[in-house]
Amino acid sequence: PLILPHRQAPREPLALGCLPVCCHPDGLRRALDGLSAPPALTITDSQAFAKVNAILPPSYPLTSFSILLAGAKGDIRTFVDSAKAIGTLQPGDRVLIAEACTHVPDTEDIGRVKIPNLLRKKVGGDLEVTIAAGNDFPDDLTPYRLIIQCGGCVATERLLRSRIKKALLAGVPITNYGIALAALTGI
């Protein structure tokens, strides 16, 4: 099923007079072969970065829905700078996964399963991961070494910028799902 960012993504290119081409990652090679010119930009789900990156020629720009949301609603520079903190994490550090909505998580949930597992693999040990969903964003952020915010597809710009400001005031780096996944997968 298409989640909200997937449905929202074609709107702006259409409004700009572009021709968005949509496909599943498994159909990407066929879609690229059908184009008369290279795409100006390829947008994927952050969870498919590795798969899509392996198919795309290196010269084709690649981003994700979450990274686009970071630029539209958040502070992409802060998110990119803060992603560097992933490389400084040590086993036992506390990481906050901040979800703006209260969705029903599935068994392979990006924020509750995939990102924490990639972080643990990167640091070579366990981390203390806290999930904050909806309005449950903690008042005291100082115990955390890193905050990873969801893309914020249902959040307002005001909410995301408020969380970023709160993190910066507490001295805690804050990034988002897409930028964290790009850093964790080396893209």
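Conventions we followed
Each chain carries its own residue numbering, running from 1 in the direction its sequence is written. Reporting of local features is limited, given that this is a predicted model, to residues whose pLDDT is at least 70; pairs of side-chain atoms are given and counted only at 80 or more, and all residues count toward the totals for whole chains, interfaces and linings. Each side-chain value is worked out from all heavy atoms of the structure, with water and hydrogens disregarded. Two aromatic rings, drawn from Phe, Tyr or Trp (for Trp, its six-membered ring), form a pair once their centres lie within 6.5 Å of each other, and the interplanar angle then sorts them: stacked below 30 degrees, edge-to-face above 60, tilted otherwise. Here, a charge over a ring is recorded when the distance from Lys NZ or Arg CZ to the ring centre is within 6 Å and its angle to the ring normal is within 35 degrees. Salt bridge criterion: a side-chain nitrogen from Lys or Arg within 4 Å of a carboxyl oxygen from Asp or Glu. Secondary structure is summarised from DSSP: a helix means a run of H or I of at least four residues, a strand means a run of E of at least two, and numbering begins at the N terminus for each. The buried label goes to any residue with under 20% of its type's maximum accessible area, the exposed label to any with over 50%, and the partly exposed label to all in between, with areas taken from a 1.4 Å probe on protein chains only. The patches reported here contain residues having more than 30% relative accessible area and no salt bridge. Joining distances are 9 Å for like charges and 5 Å for nonpolar side chains (Val, Leu, Ile, Met, Phe, Trp, Tyr). Using a 1.4 Å probe, the Shrake-Rupley method yields the accessible areas, and only the shown protein chains count as cover for residues. Definition of a polar contact: a pair of N or O atoms within 3.5 Å, with one able to donate and the other able to accept a hydrogen when the atoms are protein atoms, and with sequence-neighbouring residues admitted only if both atoms are side-chain atoms. By definition, residues are in contact when any of their heavy atoms lie within 4.5 Å. Any cysteine sulfur atom paired with another within 2.5 Å is treated as part of a disulfide. For our purposes a nonpolar core is just a set of buried Ala, Val, Leu, Ile, Met, Phe, Trp, Tyr and Cys residues, chained together by side-chain atoms within 4.5 Å.

Caption draft 1: View of the packing of aromatic side chains. This model, assessed by the stated rule, comprises 0 aromatic pairs. Across from the ring centre of Y144, 4.8 Å away, lies the NZ or CZ of R94, which sits over that ring.

Caption draft 2: Focus on the pattern of salt bridges. This structure, assessed with the given rule, holds 8 salt bridges. For D26, the salt bridge is made with K51, and the minimal N-O distance between the two is 2.3 Å. Linking D26 in the loop between α2 (11-15) and α3 (28-33) with K51 in helix α4 (residues 49-55), this pair joins segments that are 25 residues apart in sequence. Classification of K51 by relative accessible area gives partly exposed; the value is 41%. Measuring nitrogen to oxygen at the nearest pair gives 3.4 Å for the salt bridge that ties D139 to K166. Within this pair, whereas D139 is found in the loop between β4 (128-133) and β5 (146-149), its partner K166 is found in helix α8 (residues 157-170), the two being separated by 27 residues in sequence. Accessibility expressed as a relative area gives 26% for K166, which makes it partly exposed.

Caption draft 3: Inspection of the environment of V154 at higher detail. As for its position among the elements, V154 is in the loop between β5 and α8. Along the primary structure V154 and C101 are separated by 53 residues, whereas in three dimensions their C-alpha atoms are 6.7 Å apart.

Caption draft 4: Here's a closer look at a nonpolar patch on the surface. The grouping of L19, V21 and L35 at the surface amounts to a nonpolar patch, some 300 Å² of accessible area in total. Note on placement: L35 falls in the loop between α3 and β1 (42-44).

Caption draft 5: View of the side chain of T175. In this fold, T175 is placed in strand β6 (residues 174-176). Accessibility expressed as a relative area gives 0% for T175, which makes it buried. Here F79 takes part through its backbone oxygen, which lies 2.8 Å from a polar atom of the side chain of T175. The contacts of T175, once residues within four sequence positions are left out, are F79, S82, A83, L146, I147, I148, Q149 and A180.

Caption draft 6: Quick peek at the state of the cysteines. According to the stated counting rule, one finds 0 disulfides in the structure shown. In this model C18 remains outside any disulfide bridge; the closest cysteine sulfur is found in C22, 12 Å from its own. What makes C18 partly exposed here is its relative accessible area of 43%. The thiol of C23 is not disulfide-bonded; the next cysteine sulfur, from C22, is found 7.8 Å away.

Caption draft 7: Looking closely at the nonpolar core. Within the largest apolar cluster, 38 residues are counted, with the highest numbers of intra-cluster contacts made by I115, L119, I147 and I148. Where this core is concerned, the elements lending two or more residues are α5 (65-73), α6 (76-83), β3 (94-99), α7 (110-123), β5, α8 and α9 (177-185). For this core, the leading source of residues is α9, giving 6 residues. Listed in part, the 6 residues of the second largest apolar core include L28, L32, A48 and V52.

Any link to function would need more than the numbers given here.
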